Each structure stands twice: as C-alpha cells, then as structure tokens.
Amino acid sequence: MFKGLQGALSSLGHRVIEGIWRIGAGARLFSYICFYLPEIFKRPRLIVREIFSTGVLSLLIIIVSAFFVGMVLGLQGYNTLQKYGSSESIGVLVALSLVRELGPVVTALLFAGRAGTAITAEIGLMKATEQLSAMEMMAVSPVARVIAPRFWAGVISMPILAALFSMVGVLGGYFVAVPIVGVDSGAFWSQMQASVDFRDDIVNGVMKSLVFGVVCTMIALFEGYDAPPTAEGVSRATTRTVVNSSLAVLGLDFILTALMIGA
Amino acid sequence: MSDNIVEIDNLSFGYKGRLLHKGINMVFPRGKVVAIMGGSGSGKTTLLRLIGGQLNPNVGEVRVDGDVVHKQSLDGLYQLRRKMGMLFQFGALFTDLSVYENVAFPIREHTDLPESMVRDFVMLKLNAVGLRGARNLMPTELSGGMARRVALARAVALDPQIIMYDEPFAGLDPISMGVVCNLIRSLNDALGATSIVVTHDVHETFTFVDYVYFVSGGVVVAEGTPEELTNSDKPFVHQFVHGEADGPVPFHYPAPDYKREVLRGHDV
Ligand SMILES: Nc1ncnc2c1ncn2[C@@H]1O[C@H](COP(=O)(O)OP(=O)(O)OP(=O)(O)O)[C@@H](O)[C@H]1O
Ligand SMILES: [Mg+2]
C-alpha cells in the first residue's frame, strides 16, 4: 500500500519534472529560432519552399472543411433563427461564428493534423538518420537551415489559411441560405456588412490564428527535434504533436476569448 | 604552428556514467593518413564526434589546429568544423535532395560561387567516386555502397584540411574498396589534408595508411606504422591482425557471466 503510493507519487513527480524540462527545452529552441531570424531573410527561398509544403498543401483540406462547416452553420442557424422570424440575420451568424471562433480554431486543428504531423515526422526522421548531425558537422546550423524556415512558414501560413477558411465558410453558408433555403441575398450580405466589426471581430480573429500558428508550429518542430532517434520515438512524437497542439489550441482559445471580450 | 593538426590529450568520455574512453592520447600529424582501429562498440564513432565537437569530454581535451574544441563558442566551433569533412558511418545523405544537390550542399552553404562553378566542383567529386552518372538519382534510389560513395564525395566537397572517414569500406565490393583506398590516399596527398580513417578492415587499411592506433577497453593498446604492427608480437595486435576471437580484445559487450545468466533463466 505504502509502496504503491510512493511509486505513484514518484512517477507523478517524474512526469511533472519532465513536463517542465520540456517546456524549458522548447523555450530554448524558440530563442534559437529568433536568434537565426536575420539568417532567414537572407534566403527567403527556404521559407517559400516551406510555405508551399505546410501552407499550400493544406489548402485542399482547409477549403473542403470550410465549405462543409459553413453549410452546416447555414442550416443550423436558419433552423433556429426562423423560429424568431429573423432568418435574414443568418449571414451575420455565419460570418461572426467563422471569423471569431471557427475559422482560427478549426484551421489550427486541421493544421496540426495535416502540416504539424508532417513536420514532426520529417524532422524526427532527419534526426534518426543523422542528417541533422551531418549538417552540424558541415558547420551548418540545423536550427537555421531546417527548423527556423519551417517555423516562419507555419506562422505566416496559419492566418492566411484561417482567413481563407472563414471566407469559404461564408460562401458555404450563403450556398445553403440563399439558393437552397431561400433567404434574400441582399439581406444576407448587407446585415453581415453592418454587423461584422473590423477591429473587434476580424483583427481579433487574425490575432488568434497568429498565436495558434506560433504554438502549433512550435509544438510540431519541438516534438520532432526532441524525438528519440528511433521509429517508435518518431511515431510517438507525431501522436504527441496532434494531442498537444489540439489541447493547446482549445485551451488558448478560451483564454484569448476571455481576454478579448473582457478588454 | 604545431606539426599535429589534431591532438587528443588524456581524453575520457562516457555515456550515462559508463566510461567508454579512459585516458586516450593520440596525435594526427599534418599530411598523414591515420587509422583508428578497434572492435565494434569500442567507441570509434564516438571519438570522431568528440573531435568534431558534437560531444564534450569528461576529462582531457581535443585540440584541432591548436584550438581546444570543447571550449569554443558556437561560432568558433563552426569555424573549426569548416576545416573538417566527415563521412558518416551510415552516409546520412539528405533524403529530400538529389545526389547532385547533396554534394552541392556544403558548397552552396559556404560559398557564393556561380552555378557553373558549383557544377564543376560537384562533377569533379562525383566523378572521383564513379557516380557522375547517378547525379539525378535520389538517395533512396541508391544502393548502400553507392550512398556511402556519394556521402564521401559530399564530405570532401569543400576540400577540407581534416577528413574523417567512419567505416569507409563497409558495404563496398572489392573493386570499390580498392578505389576508395586509392581515393582516400590521393585526396589526402592532393589536398595536403590529414585523414582519420576509422575501420576494422586490417588488411585493406594496412596497405595505404601511415600510422595506426588500436583502441580497446577505452585506451590505446597499440600504435605504430603498419610495418611495425605487422611484425609486432603484442597479443592484441596479433589477435586483431589475424582476426582471432580469443585474446585480450573482448568480443562481448560487458555482461555478467554467461553460465550464471543462463542458469538464472532456469530458476525464474
Ligand atoms: N547516443 C548514445 N547514447 C548512449 N550510448 C551510446 C550512444 N552512442 C553510442 N553509445 C554506446 O557507446 C559505445 C560505443 O559506440 P560507438 O558508436 O562509438 O562504437 P564504434 O566503435 O563506432 O562501433 P562500430 O564499429 O560498431 O561502429 C557502444 O557501446 C554504444 O552502446
Ligand atoms: Mg561506429
């Protein structure tokens, strides 16, 4: 009994210490990335290539998901709003939900699954096959050459993807509300235009997706960089990327929303 | 300027407490090809990593061109590494780049040469390892031996002063083996470089190196020119040169007594 308790306590302590250690190691990696910032602007081609593989290749899943999310919003919103006789406000509902919440959050979740896992697996494998070591021996910093470009690419891609998500989502909502359900097209757009505020809604949404971009990309990079150099190590790291990014996004979303509404 | 480009002084190093090197002393004179030989797991790869500054010694130091490696700042370390080229035991080619781009990588990173000159350099190196025709292949399309030859071309792409080869002969057929021996020797002499060759291929190695260190149990157990060692009657040298399993060089990773472990298995 006592032994079991002691074991449980010590394993809890071990986990806590390891968690703190990993946060520290992640912060150190982040500081190196910032340190190599000037290096990156000397060679923008590296970032462009990474924007292609993280951002552009995520386009399809983002657009398709956004369209469906928008259509569902249109249906559900219409269903509820018409009970109060205000089905013209459907445009407002769709746009606000997307721009303030669903755009940044769902994009970040999809990004973690599509681009984050790819980043983690790629970097973990590069480490396992000594490619990062070889780079170091050639006096090329792997942080400057491999990690930093992927980081900035992720940070740049995320807000753009989120904006695209919101845009396509609105189109999805329009597609359901106007041609299918029969809401007046003019009312759909004009109410939306009147109620969506640039600073309160759009800027806040973009800020959220920027934060998510930093966090998701950083988690993916760190997990890959820190993965044990084995097949099992890389596969676990990939799982952790998805789990940790999703939790971080949802948790941060609550905090950011509270701050933005409070402010 | 010292005559030795690399000096290892009383170096001790261990992973997780278990000491792997226990006071190693070696010198690598400029212009020579020096072999480090020892059994599998005797810490040869680790020794190369210590020279390259990827690991720090517990005791002692490694000096490269007069500078203590583990006391360098990050910048200093990178400056030192630009004098070195290393062939990794498993090649470590960049899997997202073609053969050509792999060899071009260090050139592009460290120089601003125009593309036509990069091309000339890369072709020269690929031709030397007999793989000019494979330049457009990706690393996954190469055989193990071809990959190592590409890695070799990449290691010497910038004509380094110190070239470290980790098992350059592993996975090569007898013809490529002879070619690689000649290549190591001629690159060394043409560049005026110093080569450190880690290997356990006694017969092949003795034909072209200038000096040999034998490591075992964490210390240098024998050293000398190939002639001296061939005629040596020291037991470890004899064991190694003639490939005998029994002798002072242990074949087994440190373990409890085999008989006792087998019997314990029956008790459980
Ligand atoms: N990253 C590591 N962490 C812990 N132990 C390690 C690590 N790398 C190597 N070792 C241990 O250090 C010892 C020496 O490894 P090293 O790779 O230097 O041997 P080696 O002489 O190159 O062997 P081989 O000829 O088989 O390549 C081995 O016993 C190995 O178990
Ligand atoms: Mg080795």
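Quick caveat: nothing in here was measured; it's all calculated off a predicted structure.

## Let's talk about the state of the cysteines
Working definition of a disulfide: a covalent bond connecting the sulfur atoms of two cysteines.
All names here are of chain A.
Right, so step 1: Using the criterion set out here, one finds zero disulfides over all chains in the structure.
Right, so step 2: In this structure Cys34 is a free cysteine whose sulfur lies 17 Å from that of Cys216, the closest cysteine sulfur available.
Right, so step 3: The class of Cys34 is partly exposed, set by a relative accessible area of 34%.

## Details of the confidence of the model for chain B
Right, so step 1: Taken residue by residue, chain B gives an average pLDDT of 86. The fraction at 70 or more is 94%.
Right, so step 2: Scored by ipTM, the complex comes to 0.82, with pTM at 0.86.

## Digging into the coordination of the magnesium ion (ligand 2)
Residues and elements named next belong to chain B.
Right, so step 1: Bound to the magnesium ion (ligand 2) on the protein side are Thr45 (OG1) and Gln89 (OE1), at distances that span 1.9 to 2.3 Å. Remark: Gln89 occurs in the loop between strand E6 (84-87) and helix H3 (99-110) and Thr45 occurs in helix H1 (residues 44-51); sequence separation between them is 44 residues.
Right, so step 2: We classify Thr45 as partly exposed; its relative accessible area is 24%.
Right, so step 3: Residue Gln89 is classed as partly exposed on the basis of its relative accessible area of 24%.

## Quick look at the sheet that holds strand E8 (residues 194-199) of chain B
Residue and element names in this part refer to chain B.
Right, so step 1: Overall, mixed pairing links the six strands, which are arranged E6-E7-E8-E3-E9-E10 in an open sheet. Since the sheet does not close on itself, it has two edges, and those belong to E6 and strand E10 (219-224), each with one partner. Sheet twist, expressed as the mean angle between neighbouring strand axes with direction ignored, is 15°.
Right, so step 2: Pairing geometry for E6 and strand E7 (residues 162-166), over four bridges, is parallel. Along E7, the bridge assignment pairs Met84 with Ile162.
Right, so step 3: The sheet contacts of helix H5 (residues 144-155) involve E6 and E7, and relative to E6 the element is tilted by about 175°.

## So, helix H9 (residues 198-226) of chain A
Right, so step 1: Given a rise of 1.5 Å per residue, 29 residues ought to cover 42 Å, and the 40 Å separating the end C-alpha atoms of H9(A) matches this to within 8%.
Right, so step 2: The opening residue of H9(A) is A:Asp197, an N-cap whose side-chain oxygen sits 3.1 Å from the backbone nitrogen of A:Arg199.

## Some remarks on the packing of H3(B) against helix H4 (residues 115-128) of chain B
Helix-helix packing is described using two parameters, namely the angle between the two axes and the distance between the axes.
Residues and elements named next belong to chain B.
Right, so step 1: Taken N-terminus to C-terminus, the directions of H3 and H4 make an angle of 120°; their axes are 9 Å apart at the nearest point. Classified by the angle their axes make, H3 and H4 are oblique. Crossing of H3 against H4: the hand is right-handed. Within the contact between the two elements, H3 uses Val99, Tyr100, Val103, Ala104, Ile107 and Arg108 and H4 uses Glu115, Val118, Arg119, Phe121, Val122, Met123, Lys125 and Leu126.
Right, so step 2: The class makeup of the residues in the contact of H3 with H4 is 10 nonpolar, no polar and four charged.

## Overview of the interface of chain B and chain A
Right, so step 1: Taken residue by residue, the interface counts 23 residues in chain B and 17 residues in chain A.
Right, so step 2: At the boundary of chain B with chain A, total buried surface from both sides reaches about 1,800 Å², with 57% on carbon and sulfur atoms.
Right, so step 3: Our count for the contact surface shared by chain B and chain A stands at four salt bridges.
Right, so step 4: In this structure, A:Glu130 engages B:Arg49 in a salt bridge whose closest nitrogen and oxygen atoms are separated by 2.3 Å.
Right, so step 5: The tally of links from chain B across to chain A stands at 10 residue pairs in polar contact (both at pLDDT 80 or more).
Right, so step 6: For the side of chain B that touches chain A, the secondary-structure elements that each account for two or more residues are helix H2 (74-81), E6 and H3 of chain B.
Right, so step 7: Here the side of chain B that touches chain A takes four residues from H3(B), the largest share from any one element.
Right, so step 8: In terms of residue class, the side of chain B that touches chain A is built from 13 nonpolar, four polar and six charged.

## Some points on the site of ligand 1
Residues and elements named next belong to chain B.
Right, so step 1: Around ligand 1, the structure places 16 residues, and the nearest of them are Ser40, Lys44, Thr45, Thr46 and Gln89.
Right, so step 2: Taking Ser40, its side chain carries an N or O atom lying 2.5 Å from an oxygen atom of ligand 1.
Right, so step 3: Within the side chain of Thr46, an N or O atom sits 2.4 Å from an oxygen atom of ligand 1.
Right, so step 4: Coverage of ligand 1 by the protein chains reaches 67% of its 640 Å² of free accessible surface.

## A closer look at the pattern of salt bridges
Right, so step 1: Inspection of every chain in the model, using the stated rule, returns 24 salt bridges over all chains.
Right, so step 2: A salt bridge links B:Glu109 to A:Arg43, with the nearest nitrogen and oxygen atoms 3.0 Å apart. In this pair, B:Glu109 sits in helix H3 while A:Arg43 sits in the loop between helix H2 (37-42) and helix H3 (44-55), so the two residues belong to two different chains.
Right, so step 3: Judged by its relative accessible area of 19%, B:Glu109 falls in the buried class.
Right, so step 4: On the basis of relative accessible area, A:Arg43 is assigned to the partly exposed category, the value being 29%.
Right, so step 5: A single salt-bridge network, built from bridges that share partners, covers A:Arg22, A:Glu223, A:Asp226 and A:Arg240.

## Focus: the pairing of E7(B)
All names here are of chain B.
Right, so step 1: Across the five residues that make up E7, a large majority, five, are buried.
Right, so step 2: Burial along E7 is two-sided: Ile162, Met164 and Asp166 and Ile163 and Tyr165, pointing in opposite directions, are all buried.
Right, so step 3: Direction of pairing for E7 relative to E8: parallel, over a ladder of five bridges. If you follow Ile162 over to E8, its bridge partner there is Thr194.

## Regarding the environment of A:Ile219
Residue and element names in this part refer to chain A.
Right, so step 1: Mapped onto the secondary structure, Ile219 falls in helix H9.
Right, so step 2: Relative accessible area serves as the criterion here: at 17%, Ile219 is assigned to the buried category.
Right, so step 3: Along the backbone, Ile219 and Ser87 are 132 residues apart, and their C-alpha atoms lie at a distance of 42 Å.
Right, so step 4: Each residue touching Ile219, except ones within four places of it in the same chain, is listed here: Thr241, Asn244, Ser245 and Ala248.

Scoring rules and cut-offs
Residues numbered from 1 in each chain as written. Chains lettered and ligands numbered in written order. Predicted model: local features only at pLDDT ≥ 70, side-chain atom pairs only at ≥ 80, totals over all residues. Heavy atoms only, no water. Disulfide = S-S within 2.5 Å. Buried < 20%, exposed > 50% of the residue type's maximum accessible area, 1.4 Å probe, protein only. pLDDT = per-residue confidence, 0-100. Donors = N, O, S within 2.8 Å, 3.2 Å for Na, K, Ca; no water. Helix = DSSP H or I, 4+ residues; strand = E, 2+ residues; numbered from the N terminus. Pairing = 2+ DSSP bridges. Axes fitted to C-alpha atoms, helices over the stretch in contact; angles between N-to-C directions. Contact = heavy atoms within 4.5 Å. Expected span 1.5 Å × (residues − 1). Polar contact = N/O pair within 3.5 Å; in protein donor to acceptor, adjacent residues only side chain to side chain. Parallel < 35°, antiparallel > 145°, perpendicular 65-115°, else oblique. Left-handed = near helix turned anticlockwise from the far one by under 90°. Nonpolar A, V, L, I, M, F, W, Y, C, P; charged D, E, K, R; others polar. Buried area = accessible area lost by both parts, 1.4 Å probe. Salt bridge = Lys/Arg side-chain N within 4 Å of Asp/Glu carboxyl O. Near = heavy atom within 4 Å. Areas by Shrake-Rupley, 256 points an atom, 1.4 Å probe, with all protein chains shown as cover.

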